[in-house]
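Chain by chain, the residues run as shown.
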Amino acid sequence: MNKEQNPYQNAMAQLKKAAEIKSFNLAGRPKGAELLARLENPDREIRISIPVKMDDGSTKVFEGYRVEYNNILGPYKGGIRYHQETNINEVKALAFWMSLKCAVAGIPMGGGKGGITVNPKELSLEELERLSRGWMRMLADVLGPKKDVPAPDVNTTPEIMDWMNDEYGKITGDKSGAVITGKPLGKGGSEGRGAATGMGGFYVFESLRKDLGLPDKCKVAIQGFGNVGQNAARIFAEHGHSVVAVSDSKGAIYNPEGLDIEKVMGHKKVKGSLSGFPDSKEISNEDLLELECDLLIPGAFENVITEENADKIKAKAIMELANGPITPEADETLFKKNVPVIPDILANSGGVTVSYFEWDQNLKNEHWSEKEVFEKLRPMMADSAQKILQKAKENSTDLRRGAFILALERIAEKL
Ligand code: GLU
């Protein structure tokens, strides 16, 4: 992550660039000026201090956040990030993107995001549980199935969602589970939620592949091997594409003939890192981004493709499964180089869409099969992808601005 770049400023720059497209002219549309003004600030940003009793008996206080960006389309919705570099600007940017993402996805949800500045790998399981329950205790008042519905994000798991849901139930008596999504199966979680972001990205890719001039079988490089990166790698490989490189925070592995993803997953599980995987060359995360391939998928953090390396990208297309991996300056360079970018608010919206399915199932006390979940997800993703392509063409712009235009039109309609 490039710490020099403020993701919130980047998000606002993206908004401005889309709103100013002449053929779109948001401010000149009914309610457009009002919407633009409202989107320049979140409805509410909350900072909390969470005291946690550590295993050695001491007390440590962690900084936590919840940003409610806007609820024009429905309850605030968005994940909770645990990371040592998470701060209010990052959470604000992520909450803003959630507002547009839910609109692109066509679900009745607004945008929110939460976080805690912590390296969860440094905590014991018990400390992590106390921290997570603490976050929920301090925010239970503002959250709720019809108010604000969190979910997982970087470094937060179904188990953490379960602790939080349990804590909320104890405080409020609401045991429906609909206050938070991404819960474990058997604890109100939805089938397919774990793989949803990767699967949704794959459906978008399938829908746009020909339009973007990509071959039947692509060489794919994926940055990030957390939930999103692993599922994407598995799904692309299962569909006959060749995943030539993957990376985690410590480094990347590369094999131009394609990696055996099942084996890579097994190796990562046992060794805790990708390093030392046989039949591969170890390269850096930076090298991975500059590999010769058909599709590059940044699947981890913001600001990894910047002014500094945009010119060196050799991929034919990029799909953002991470939120905000490309800076606005790099976007311009890639547009000029004719490298299409499938933007985050479209590409990774499968996650929040299945979260919405989970919330809906919890409220109706239903449980849908995985088949049913993916059968509902696929046409929604393909439909959004095609609409965005259309908007981009009509306005002679890139897919990011196409996606912003679709989202802004949908939100303005409800204002
Ligand atoms: N954290 C995910 C995202 O950035 C999912 C949010 C959700 O499911 O509410 O889209």
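Here the structure is a predicted model, which means the values were calculated and not measured.

Engineer: Which residues make up helix α2 (residues 32–39), and what values go with them?
Structural biologist: Burial in α2 covers these residues: Gly 32, Leu 35, Leu 36 and Leu 39. Down the axis of α2, the buried side of the element spans an arc of 100°, and every buried residue falls inside it. On the buried face of α2, the contacting elements are α1 (7–19), β2 (59–70), α3 (88–105) and α14 (399–414).

Engineer: With reference to specific residues and values, describe the packing of aromatic side chains.
Structural biologist: Across all of its chains, the model carries nine aromatic pairs by this definition. When the ring of Tyr 69 is compared with that of Phe 96, the centres are 5.4 Å apart and the planes differ by 70°; the resulting orientation is edge-to-face. Remark: Phe 96 occurs in helix α3 and Tyr 69 occurs in strand β2; sequence separation between them is 27 residues. The burial state of Tyr 69 is the same as that of Phe 96; both residues are buried. Aromatic side chains Phe 202 and Phe 236 sit 5.0 Å apart centroid to centroid with 90° between the ring planes, which places their arrangement in the edge-to-face category. Residue Phe 202 is located in helix α6 (residues 196–208), and its partner Phe 236 is located in helix α7 (residues 227–238); the two are separated by 34 residues in the primary sequence. Grouping residues by exposure puts Phe 202 and Phe 236 together as buried. Geometry around Tyr 8 places Lys 92 over its ring, the cationic atom sitting 4.5 Å from the centre.

Engineer: Describe the nonpolar core, with residues and values.
Structural biologist: In terms of nonpolar packing, the biggest core is built from 93 residues, with Phe 96 and Val 246 touching the most fellow members. Among the elements that take part in this core, α3 stands out by supplying 13 residues, more than any other. Listed in part, the 26 residues of the second largest apolar core include Met 54, Ile 80, Tyr 82 and Val 118.

Engineer: Could you give me a rundown of unusual backbone geometry, with the residues and numbers involved?
Structural biologist: Despite not being glycine, Asn 155 has its phi angle at roughly 65°, a positive value. Relative to the elements of secondary structure, Asn 155 occurs in the loop between β5 (148–152) and α5 (158–172). Phi at Asn 365 is positive, roughly 55°, even though this residue is not glycine. Mapping Asn 365 onto the fold places it in the loop between α12 (349–364) and α13 (370–394).

Engineer: Which residues make up the side chain of Asp 398, and what values do they have?
Structural biologist: In this structure, Asp 398 sits in the loop between α13 and α14. With near-sequence residues (within four places) excluded, Asp 398 lies in contact with Phe 335 and Ala 392.

Engineer: Give me the lowdown on the environment of Glu 129, citing residues and values where you can.
Structural biologist: Structurally, Glu 129 can be placed in helix α4 (residues 125–139). The spacing of Glu 129 and Lys 281 is 152 residues in sequence and 38 Å in space, taken between C-alpha atoms.

Procedures and definitions
Residues numbered from 1 in each chain as written. Predicted model: local features only at pLDDT ≥ 70, side-chain atom pairs only at ≥ 80, totals over all residues. Heavy atoms only, no water. Buried < 20%, exposed > 50% of the residue type's maximum accessible area, 1.4 Å probe, protein only. Helix = DSSP H or I, 4+ residues; strand = E, 2+ residues; numbered from the N terminus. Arc of directions from axis to C-beta. Contact = heavy atoms within 4.5 Å. Phe/Tyr/Trp six-rings, centres within 6.5 Å; stacked < 30°, edge-to-face > 60°. Lys NZ or Arg CZ within 6 Å of the ring centre and 35° of its normal. Core = buried A, V, L, I, M, F, W, Y, C linked by side-chain atoms within 4.5 Å.

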